[in-house]
Amino acid sequence: MTDLEALPLFGEFCRAASEIYRRGWAERNGGNLSMLLEDGFGGLKPLRSFPIASGAGALEGKCLLITGGGKYLKNVERDPEDALALLRLGKNCAELLWGLKNGGRPSSELSAHLQSHAARLEADPKHRTVLHAHATHLVALTSVHELDDRALTKTLWSMCTECLLFFPDGVGVLPWMPCGTDEIGAATAEKMRSCRLVLWASHGAFAAGTGPDDALGLLEVADKAAELYIMTSGFPSPARIGEEQLRRLADAMGLSPREGWL
Ligand code: 2HA
Ligand code: ZN
């Protein structure tokens, strides 16, 4: 077993990939996840390298564990050395240190992962993980709801008590855009400067956290709220959590919801 595979966070990462698949949020090769690691892999020789169009910026010198392009999340736990890539990030290229043993490249969303990591690290030094999944109810929500950060966040906050607790910073939402580009990566990272969850309309969600469980937990809470919204829309909703109650909740829990949103 390599030093990488012996890390407790490595096991958490692989289990998160399985869980995303089990939830139906990673059909075929959908979804991808990545985690920053301090470079403790000096003994590993670079195998190949890949260009980084957006540049590594502040991440230069760090290592990134990321799922491979076209790999199925359901297979990560069974054969991580095939499905994952451990990269050392240089200024404009990434060296493969481990993984992709049967060939292939890092995830097509590498640019969105790198730019999101940089944005979140600036906001929170404990940040480590970014995951992208086709969270079913959140995707459905983006096709029936106004695509406005504040309006959509308030809808989610109003559906169940946990939402304000776990994402007081709210949710960002991007209009439909082609995926796998630097452009969607930059737009995602811009939203990630002020919140940990960004929705890509009619596609999926990007969630950030201190580790795989934290990022996935955030996505679970938000997707549950979207599910509740979809289950109950079409019914009158006189008892949904209102603004006044959200303010009471924030006071009771000592939270600071996104400035000006309540
Ligand atoms: O990894 O989900 O957005 C496949 C995707 C691309
Ligand atoms: Zn996707």
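All values derive from a computational prediction rather than experimental measurement.

Peer 1: Mind laying out the coordination of the zinc ion (ligand 2), listing which residues take part and the relevant values?
Peer 2: Surrounding the zinc ion (ligand 2) are the protein donor atoms His132 (NE2), His134 (NE2) and His203 (NE2), at 2.1 Å. Every donor residue of the zinc ion (ligand 2) comes from the same chain, spaced as H-x1-H-x68-H. Using a relative accessible area of 15% as the deciding quantity, one classes His134 as buried.

Peer 1: Describe in detail the site of ligand 1, supporting the description with residues and values.
Peer 2: Ligand 1 sits among Asn29, Gly30, Gly31, Asn32, Glu109, His132, His134 and His203. Separating an oxygen atom of ligand 1 from a backbone N or O atom of Asn29 is a distance of 3.3 Å. Burial of ligand 1 by the protein chains amounts to 87% of its free accessible area of 220 Å². Partitioned by chemical class, the residues of the shell around ligand 1 number no nonpolar, seven polar and one charged.

Peer 1: With reference to specific residues and values, describe helix α4 (residues 110–123).
Peer 2: Its 14 residues place the ends of α4 20 Å apart at the C-alpha level, agreeing with the 20 Å of an ideal helix rising 1.5 Å per residue. α4 sits mainly inside the fold: eleven of its 14 residues count as buried. Where α4 is concerned, the buried positions are Leu110, Ser111, Ala112, His113, Leu114, Gln115, Ser116, His117, Ala119, Arg120 and Leu121.

Peer 1: So what's going on with the nonpolar core? Which residues, and what values?
Peer 2: The biggest cluster of nonpolar side chains holds 54 residues, and the ones touching the most others in it are Leu65, Leu138 and Leu219. No other element matches the nine residues that helix α9 (residues 212–232) contributes to this core. In this view, Leu65 contacts Leu4, Phe10, Phe13, Leu33, Ser34, Met35, Leu37, Leu84, Ala85, Leu86 and Trp98; residues no more than four positions away in its chain are not counted. Core analysis: the next-biggest nonpolar cluster, separate from the first, contains 16 residues, Leu36, Leu59, Leu64 and Ala85 among them.

Peer 1: Got a sec to walk through the pairing of strand β7 (residues 171–174)? Specific residues and values, please.
Peer 2: Residues of β7 alternate between two faces, with Val171 and Val173 on one and Gly172 and Leu174 on the opposite face, all of them buried. Here β7 pairs with strand β8 (residues 197–200) via four bridges, running parallel. Opposite Gly172, over in β8, you have Val198 as the bridge partner.

Peer 1: Describe the confidence of the model for the chain, listing the residues and the values that go with them.
Peer 2: Put simply, the chain has an average pLDDT of 97, and 100% of its residues get 70 or more. Helix α1 (residues 3–6) is the least confidently modelled element of the chain, averaging 94 in pLDDT, while β8 averages 99, the highest of any element.

Peer 1: An account of the packing of helix α6 (residues 149–159) against α9 is requested, with residue identities and associated values reported.
Peer 2: One way to put it is that α6 packs onto α9 with a least axis distance of 8 Å and a crossing angle of 85°. It follows from the interaxial angle that α6 and α9 lie roughly perpendicular. For the pair α6 and α9, the contacting residues are Thr155, Leu156 and Met159 in the first and Ala222, Ala225, Ala226, Leu228, Tyr229 and Thr232 in the second. Residues of the contact of α6 with α9, tallied by class, amount to seven nonpolar, two polar and no charged.

Peer 1: Can you break down the packing of aromatic side chains residue by residue, with the values?
Peer 2: Summed over all chains, the structure comprises three aromatic pairs. Ring geometry for Trp157 and Trp261: centres 6.5 Å apart, planes at 55°, overall tilted. Of this pair, Trp157 sits in helix α6 while Trp261 is found in the segment after α10 (243–253), placing the two residues 104 residues apart along the sequence. Since its relative accessible area comes to 0%, Trp157 is described here as buried. Over the face of the ring belonging to Trp261 we find Arg258, whose NZ or CZ atom lies 4.3 Å from the ring centre.

Peer 1: Mind laying out the side chain of His113, listing which residues take part and the relevant values?
Peer 2: Within the secondary structure layout, His113 lies in helix α4. A relative accessible area of 0% places His113 in the buried class. Discounting residues that sit within four places of it in the chain, His113 has contacts with Asn32, Leu33, Ser34, Ile66, Val130, Leu131, His132 and Phe206.

Peer 1: So what's going on with the layout of surface pockets? Which residues, and what values?
Peer 2: Its boundaries defined by the atoms lining it, the largest pocket holds a volume of some 190 Å³. Lining the largest pocket we find 15 residues, and of these Pro51, Ser107, Ser108, Leu110 and Ser111 sit closest to its centre. Those elements giving two or more residues to the lining of the largest pocket turn out to be β2 (48–51) and α4. Looking at which element gives the most residues to the lining of the largest pocket, the answer is α4, with three residues. Residues of the lining of the largest pocket, tallied by class, amount to seven nonpolar, six polar and two charged.

Peer 1: Go over the environment of Arg48, please, and point to the residues and values.
Peer 2: Looking at the element boundaries, Arg48 is found in strand β2. C-alpha separation for the pair Arg48 and Ser18, spaced 30 residues apart in sequence, amounts to 27 Å. Beyond its immediate stretch of four places on either side in the chain, Arg48 contacts Ala94, Glu95, Leu96, Leu100, Gly103 and Gly104. Polar contacts involving the side chain of Arg48 include one to the main-chain carbonyl oxygen of Gly104, which spans 3.0 Å.

What counts and what doesn't
Residues numbered from 1 in each chain as written. Chains lettered and ligands numbered in written order. Predicted model: local features only at pLDDT ≥ 70, side-chain atom pairs only at ≥ 80, totals over all residues. Heavy atoms only, no water. Donors = N, O, S within 2.8 Å, 3.2 Å for Na, K, Ca; no water. Buried < 20%, exposed > 50% of the residue type's maximum accessible area, 1.4 Å probe, protein only. Near = heavy atom within 4 Å. Polar contact = N/O pair within 3.5 Å; in protein donor to acceptor, adjacent residues only side chain to side chain. Areas by Shrake-Rupley, 256 points an atom, 1.4 Å probe, with all protein chains shown as cover. Nonpolar A, V, L, I, M, F, W, Y, C, P; charged D, E, K, R; others polar. Helix = DSSP H or I, 4+ residues; strand = E, 2+ residues; numbered from the N terminus. Expected span 1.5 Å × (residues − 1). Core = buried A, V, L, I, M, F, W, Y, C linked by side-chain atoms within 4.5 Å. Contact = heavy atoms within 4.5 Å. Pairing = 2+ DSSP bridges. pLDDT = per-residue confidence, 0-100. Axes fitted to C-alpha atoms, helices over the stretch in contact; angles between N-to-C directions. Parallel < 35°, antiparallel > 145°, perpendicular 65-115°, else oblique. Phe/Tyr/Trp six-rings, centres within 6.5 Å; stacked < 30°, edge-to-face > 60°. Lys NZ or Arg CZ within 6 Å of the ring centre and 35° of its normal. 1 Å grid on protein atoms, 1.4 Å probe; cavity = no way out; pocket = protein on both sides within 12 Å on 5 of 7 lines; lining within 4 Å. Points joined across faces, edges and corners; volume = space filled by probe spheres on them.

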